Amino acid sequence: MSGCTGIDKPPISILMAVYEPRMDWLRIQLQSLNAQTYPKLRLYIRDDCSPSVPFERIQSCVQDCISSFSYEISRSEKNEGSNAVFAWLTEHAEGDLFAYCDQDDACLPEKLAELEAAMTPETTMAYCDLSVMDGAGNTTVASLRLVRPRLCFVQGEHLAETYFFRNCSAGCTTLVRAKTAKRALPFPKDTVCDQWVAIIAALDGKIAFVDRPLHRYRIHGGNQTGILAGVTSKQTYYNQRIAPLRERLALFRRYTKPSLAMESFVSGRLDGKVFPVFRYRALDPVEAKFELVMHILPQPVFRAVVRQISK
C-alpha cells in the first residue's frame, strides 16, 4: 500500500531562482510543478531582488498556482546572480533530494517521479533529456541531441573528470542528493553551478540518465546559457571558457587530487600552450580542437566562425 501512497518515497525539494520573471511563463512553470505526480514535494523560491517585478506579484502567482504541496518564498536584499541564489537555496532547503528549477521552462508531469525511480542507493544524481520550445510554447526540437549532435549523455561511475570539462546535464533536468549538493558549497563564482554540482555528484557516486525528454526548455533570446553565449572575440572566449578553469581546478583539489593529465591540460589551456592541449585533447576533444584552431585564426575569421556556430 505504501508504494501507492508514497509513504516510502524520499522528500524532494524543488529549488527555483527567480529574477525579473515574465509572469505568464512563470505561471506555466509553476503549474507544471503543481501537476507533478511525485507524492512528496516542497518548493523553495527565491527572488533575486527583481527591480521591476514586485515581489508581491510573484508571491500572488505562486499562491494561485501551487496547491498540491507546501512552499517557501523569499527575496534577496540585493541582486547577487543565479549562482549565489541557488547556493542560498541549496544551503537553506531541507529534504533528501534537490531538483533545480528555472523560472521560464516547463516539466512533464512524470518528470520527478521518473528521475527519482532512477536513483539507486549508489546514485548521487539523475538527469534526463529535454525538448526545446520557443517563446510561444511551441515545441521546436524534440530532443537536445537534434540541435547538439556532438552531445554525449553520460552515465555510470568515475565521471568527475568528464564533467569537469564537459557538462552534458542541464541543471533544470537534474535530481541530486541533498547531501551531495550541500557538499558542493560554496559554488564557484565563474563556473555555472549546474556543472559544479554535477562534478561533485560524479565524485560521490554514480550518475543515472533517463533517456526521455521530461523537461521542456524555453529558448527565447534572453537565456543565460547557450553554445558560445557571450563570446565575440578570442579574449571573451578565453575569459568565459578558459579562465574559469583556474578557480574550478583549485576548488576541485579540495575534494580530490587531479590526475597529471588533468593538471597539464588545464595549465596548457590557461597558458595558451599548444603541446599539452594536443597531448591531452581526449579530456575534451571538441574544445581542444577548437582552441588549437583558434590559435591560427585571424580575429575576423574567428568572429565569423563563432557567429556560425552560435546559430
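Refer to the structure above for everything that follows.
Before going into details, it helps to say that this report is about the structure given with it. Computed from a prediction, not measured in an experiment: that's the story for all the values here.

Describing the overall build of the protein
Piece 1. Counting its secondary structure elements, the protein contains 14 helices and 9 strands.
Piece 2. Taking 311 residues into account, the globule formula puts the C-alpha radius of gyration at 19 Å, and the protein, at 20 Å, falls close to it.
Piece 3. In terms of overall dimensions, the protein has a C-alpha envelope of 60 × 40 × 40 Å along the principal axes.
Piece 4. Taken over 311 residues, the protein has a buried fraction of 48%.
Piece 5. Look at the contacts in the protein between residues 6 or more apart in sequence, and 78% of them connect residues 24 or more apart.
Piece 6. Taken as a whole, the protein presents about 15100 Å² of accessible surface, with 53% of it coming from carbon and sulfur.
Piece 7. Charge-centre separation for the protein: the mean point of 38 positive side chains lies 7 Å from the mean point of 34 negative side chains.

Some words on the pairing of strand 1 (residues 12-18)
Piece 1. Where burial is concerned, most of strand 1 is hidden: 7 out of the 7 residues are buried.
Piece 2. Across the two faces of strand 1 the burial is the same, with Ile12, Ile14, Met16 and Val18 and Ser13, Leu15 and Ala17 all buried.
Piece 3. Alignment of strand 1 against strand 2 (residues 41-47), held across 7 bridges, turns out to be parallel. Bridge pairing in strand 2 places alanine 17 opposite arginine 46.
Piece 4. On the question of chirality, the crossover connecting strand 1 to the parallel strand 2 by way of helix 2 (residues 23-34) is right-handed.
Piece 5. Note: strand 1 against strand 4 (residues 97-101), 5 bridges, orientation parallel. Each residue of the ladder has a partner; that of serine 13, found in strand 4, is phenylalanine 98.

Overview of helix 11 (residues 260-271)
Piece 1. Compared with the 16 Å implied by 1.5 Å per residue over 12 residues, the 16 Å span of helix 11 between its first and last C-alpha is a close match.
Piece 2. All of the buried residues in helix 11 are Met262, Ser264, Phe265, Val266, Gly268, Arg269 and Leu270.
Piece 3. Glycine 272 sits one or two positions beyond helix 11 and adopts a positive phi of about 70 degrees.

Conventions adopted
Residues numbered from 1 in each chain as written. Predicted model: local features only at pLDDT ≥ 70, side-chain atom pairs only at ≥ 80, totals over all residues. Heavy atoms only, no water. Helix = DSSP H or I, 4+ residues; strand = E, 2+ residues; numbered from the N terminus. Rg over C-alpha atoms; globule rule 2.2 N^0.38 Å. Buried < 20%, exposed > 50% of the residue type's maximum accessible area, 1.4 Å probe, protein only. Contact = heavy atoms within 4.5 Å. Areas by Shrake-Rupley, 256 points an atom, 1.4 Å probe, with all protein chains shown as cover. Lys, Arg positive; Asp, Glu negative; His and termini not counted. Charge placed at Lys NZ, Arg CZ, Asp CG, Glu CD. Pairing = 2+ DSSP bridges. Right-handed = clockwise from strand over helix to strand, strands pointing away. Expected span 1.5 Å × (residues − 1).

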